[in-house]
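Structural features, examined
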Amino acid sequence: MQRFILFISILLTAATSLKAQEKSRPNIIFILTDDQRWDALGYAGNKIIQTPNMDKLASEGMYFKNAFVTTPICAASRASIMTGLYERTHDFTFATPPLKQAYVANSYPQKLKDAGYYLGFFGKFGMEWENNSDTTLFDESFYAMPEGYFRLTGAGGFSKHIHLTDLTTDKAMEFIKKAPADKPFCISLSYNAPHADDHTPIQYFWPERNDKLYTDVVIPDPLLSDKRSFDALPPFIQDSLYMGRIRWHWRYDDPEKYQRMVKGYYRMITTIDDNLGRLRTLLADMKIADNTIIILMGDNGYFLGERNLAGKWLMYENSLRVPLILYDPQAKRKATSEVMALNIDIAPTILDYAGLPIPSSMQGQSLRPFTTQDIPWRDEFLCEHLYNLSYIPKSEGIRTTRWKYFRYVDHPDVEELYDLQTDPLEKNNLVLNSKYKKQLQQFRNTLNKKISTLDAASVK
């Protein structure tokens, strides 16, 4: 009998320990914005845009000043975020087959679900997963399809229009309120904003409360907005970059339109910022803020008229650089990091915080150590855009802490090389300068080797 009682006692102790372990694991909220470029943030030095809640989050956590996406388009970048893999490896973008099940199985949502996390997805998914696993993986989801930025909510005489950013946050907050108390949760909160609505000439939409923002300011003209900068682009880009050039005409081709569009873009980002404030207030009110990790990132960069272009896609800094904030309420270190952080680092970081092993197949690295101290880090990464679309030329390149080299897949003889230390705006292409012949060949070799390694890692 005593042995039986001892056995039951051991089982109860183990069960209690497991429950305590479940509750001690942090909640994780990953916030992804759509088309928010790196400097569309007050903390990045933008003196016009109003992002007080993002700025506060950055000041209280780790702000990665040099954050990049490896592919500057939403579908491929989101797949890279979920899997920790380069586009060339996971092989998903627009007009490709769904993301393979082997990659889904190693994605951060699947790993967290397997480990007992309560999962929610709210907003723009932007991908297709093999076997529709996106619809079965999450315990609760709200997929915000591209149907305009205002939705009708309520019933009868109490119905009203609500902005999609507010609605998406409402869904996430409802999820938090009813999440099981004995399980940690992970939310992927993926806003459609500030992506323009290309189906309407207005392009940008925001809730009424932000109507008056920025009315009394003048947005400075974009850098490299002269026609000479556009004429310096390779001829086939000038001729075939249909969407980038057409969208420039929609948004920036006269001074009044430029002012109106950029202010609209900023108002949409401020609306996201409003909702970050709401979210953090809820966490504090529920007394779970001290055990909730918040990561905020943009899914790709964005041209705001530079080089007479709109959109993203190309290998210039405008396309690649994004905001990235990692807030760990338990971390004592709060700093701005200069290291090159990538979208492929998000999945390893989330798994690290969940106390889970990071699959060896992941090509990113956890950013969590930076909340304690600086560690040895990458000094280069591969950037690529492989969407097979005739009017957006495919490109691939290497970006180091000082240099950037890239070429066009269908025009391999057209190359660009920039010394970012002396030429941060990428105005002076050094490819034809004989002084850099040796460096040019080194970058070609480095890129070819990197491509070969990534191709070998992909699931056939």
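Preceding this section is the structure that the text describes.
The secondary structure content of the protein chain amounts to 15 helices and 16 strands. On C-alpha atoms alone, the protein chain measures out to a radius of gyration of 23 Å, which is about the 23 Å that the 2.2 N^0.38 rule sets for 460 residues. Just so you have it, the protein chain exposes about 20200 Å², and 54% of that area is on carbon and sulfur atoms.

Further remarks concern the nonpolar core. Of all hydrophobic cores here, the largest spans 55 residues; its most connected members are Ile-31, Ile-176, Phe-185, Ile-187, Tyr-204 and Tyr-252. Looking at this core, the elements that each hand over two or more residues are β1 (27–33), α2 (52–59), β3 (118–123), α8 (164–178), β7 (185–190), α12 (255–285), β8 (292–298) and β11 (324–327). Ranked by residues supplied to this core, first place goes to α12 with 12 residues. Apart from residues no more than four positions distant in its own chain, Phe-185 is found in contact with Pro-26, Asn-27, Ile-28, Ile-29, Tyr-117, Tyr-118, Phe-175, Ile-176, Ala-179, Leu-283 and Ile-288. One finds Leu-119, Trp-129, Leu-137 and Val-322 within the second-largest nonpolar core, a separate group that totals 45 residues.

This part is about the pattern of salt bridges. For the coordinates displayed, the defined rule picks out 31 salt bridges. Measuring nitrogen to oxygen at the nearest pair gives 3.1 Å for the salt bridge that ties Arg-78 to Asp-299. Within this pair, whereas Arg-78 is found in helix α3 (residues 74–83), its partner Asp-299 is found in the loop between β8 and β9 (303–304), the two being separated by 221 residues in sequence. Each member of the pair, Arg-78 as well as Asp-299, is classed as buried. Of the charged contacts in the structure, one is a salt bridge between Arg-378 and Asp-345, with a shortest N-O distance of 2.7 Å.

Another aspect to go through is the pairing of strand β15 (residues 403–408). The buried fraction of β15 is high, at 6 of 6 residues. Of the two faces of β15, both are covered, the one formed by Trp-403, Tyr-405 and Arg-407 as well as the one formed by Lys-404, Phe-406 and Tyr-408. When strand β14 (residues 395–400) meets β15, the two strands line up antiparallel, connected through 5 bridges. Bridging across to β15, Glu-396 finds its partner in Arg-407. Adjacent in sequence and paired antiparallel, β14 and β15 are bridged by 2 residues. Here β15 folds back onto strand β16 (residues 411–419), and the loop between the two strands holds 2 residues.

A few words now on the sheet that holds β7. An order of β4-β3-β7-β1-β8-β11-β2-β12 is seen for the 8 strands of this open sheet, with the pairing classed as mixed. The open sheet is flanked by β4 (140–143) and β12 (335–342), the only strands paired with a single partner. With direction set aside, neighbouring strand axes in the sheet form an average angle of 15°. Here β8 runs beside β11; their pairing, made up of 4 bridges, is antiparallel. Looking across to β11, one finds that Ile-295 is bridged to Leu-326. Set on the sheet, α2 makes contact with β2 (62–68), β8 and β11; between it and β11 the angle comes to about 60°.

Once that is clear, we can look at helix α15 (residues 437–457). Compared with the 30 Å implied by 1.5 Å per residue over 21 residues, the 31 Å span of α15 between its first and last C-alpha is a close match. What α15 keeps buried is the set Leu-440, Phe-443, Leu-447, Ile-451 and Leu-454. In a view along the axis of α15, the buried residues occupy a sector of 70°, so they form one face of it. Residues of α15 that are exposed and angled more than 90 degrees away from the buried face: Lys-438, Lys-449 and Ala-456. Residues of α15 that are buried make contact with α4 (87–90), β13 (380–385), β14, β15 and β16.

A word on the packing of α2 against α12. Remark: α2 packs on α12, axes separated minimally by 7 Å, with the N-to-C direction vectors making an angle of 60°. If you check the angle between α2 and α12, you find them oblique. Across the interface between the two elements, Pro-52, Asn-53, Met-54, Lys-56 and Leu-57 from α2 touch Ile-269, Ile-272, Asp-273, Asp-274, Leu-276, Gly-277 and Arg-280 from α12. Tallied by class, the residues present in the contact of α2 with α12 amount to 6 nonpolar, 2 polar and 4 charged.

Inspection of the secondary structure assignment puts Thr-371 in the loop between α14 (346–353) and β13. Among the polar contacts made by the side chain of Thr-371, one reaches the main-chain carbonyl oxygen of Arg-368 at a distance of 2.7 Å. What Thr-371 contacts, discounting residues up to four positions off in sequence, is Met-62, Leu-326, Asp-328, Ala-331, Arg-333 and Tyr-353.

Bringing the side chain of Asp-35 into the picture now. When you line up the elements, Asp-35 lands in the loop between β1 and α2. Its relative accessible area of 1% is what places Asp-35 among the buried residues. A distance of 3.0 Å separates a polar atom in the side chain of Asp-35 from a polar atom in the side chain of Lys-312. Residues in contact with Asp-35, not counting those within four places in the same chain, are Pro-194, His-195, Tyr-265, Asp-299, Asn-300, Gly-301, Tyr-302 and Lys-312.

We now examine the packing of aromatic side chains. Per the counting criterion, the structure on display carries 27 aromatic pairs. Taken together, Phe-121, Phe-125, Trp-129, Phe-138 and Tyr-143 form an aromatic cluster joined through their ring pairs. Between the NZ or CZ atom of Arg-267 and the centre of the ring of Trp-206, over which it lies, the distance is 4.7 Å. Note that Arg-280 overlies the ring of Tyr-327, its terminal NZ or CZ placed 4.6 Å from the centroid.

Parameters and conventions
- Residues numbered from 1 in each chain as written.
- Predicted model: local features only at pLDDT ≥ 70, side-chain atom pairs only at ≥ 80, totals over all residues.
- Heavy atoms only, no water.
- Helix = DSSP H or I, 4+ residues; strand = E, 2+ residues; numbered from the N terminus.
- Rg over C-alpha atoms; globule rule 2.2 N^0.38 Å.
- Areas by Shrake-Rupley, 256 points an atom, 1.4 Å probe, with all protein chains shown as cover.
- Core = buried A, V, L, I, M, F, W, Y, C linked by side-chain atoms within 4.5 Å.
- Buried < 20%, exposed > 50% of the residue type's maximum accessible area, 1.4 Å probe, protein only.
- Contact = heavy atoms within 4.5 Å.
- Salt bridge = Lys/Arg side-chain N within 4 Å of Asp/Glu carboxyl O.
- Pairing = 2+ DSSP bridges.
- Axes fitted to C-alpha atoms, helices over the stretch in contact; angles between N-to-C directions.
- Expected span 1.5 Å × (residues − 1).
- Arc of directions from axis to C-beta.
- Parallel < 35°, antiparallel > 145°, perpendicular 65-115°, else oblique.
- Nonpolar A, V, L, I, M, F, W, Y, C, P; charged D, E, K, R; others polar.
- Polar contact = N/O pair within 3.5 Å; in protein donor to acceptor, adjacent residues only side chain to side chain.
- Phe/Tyr/Trp six-rings, centres within 6.5 Å; stacked < 30°, edge-to-face > 60°.
- Lys NZ or Arg CZ within 6 Å of the ring centre and 35° of its normal.

Just distances and angles here, no functional claims.
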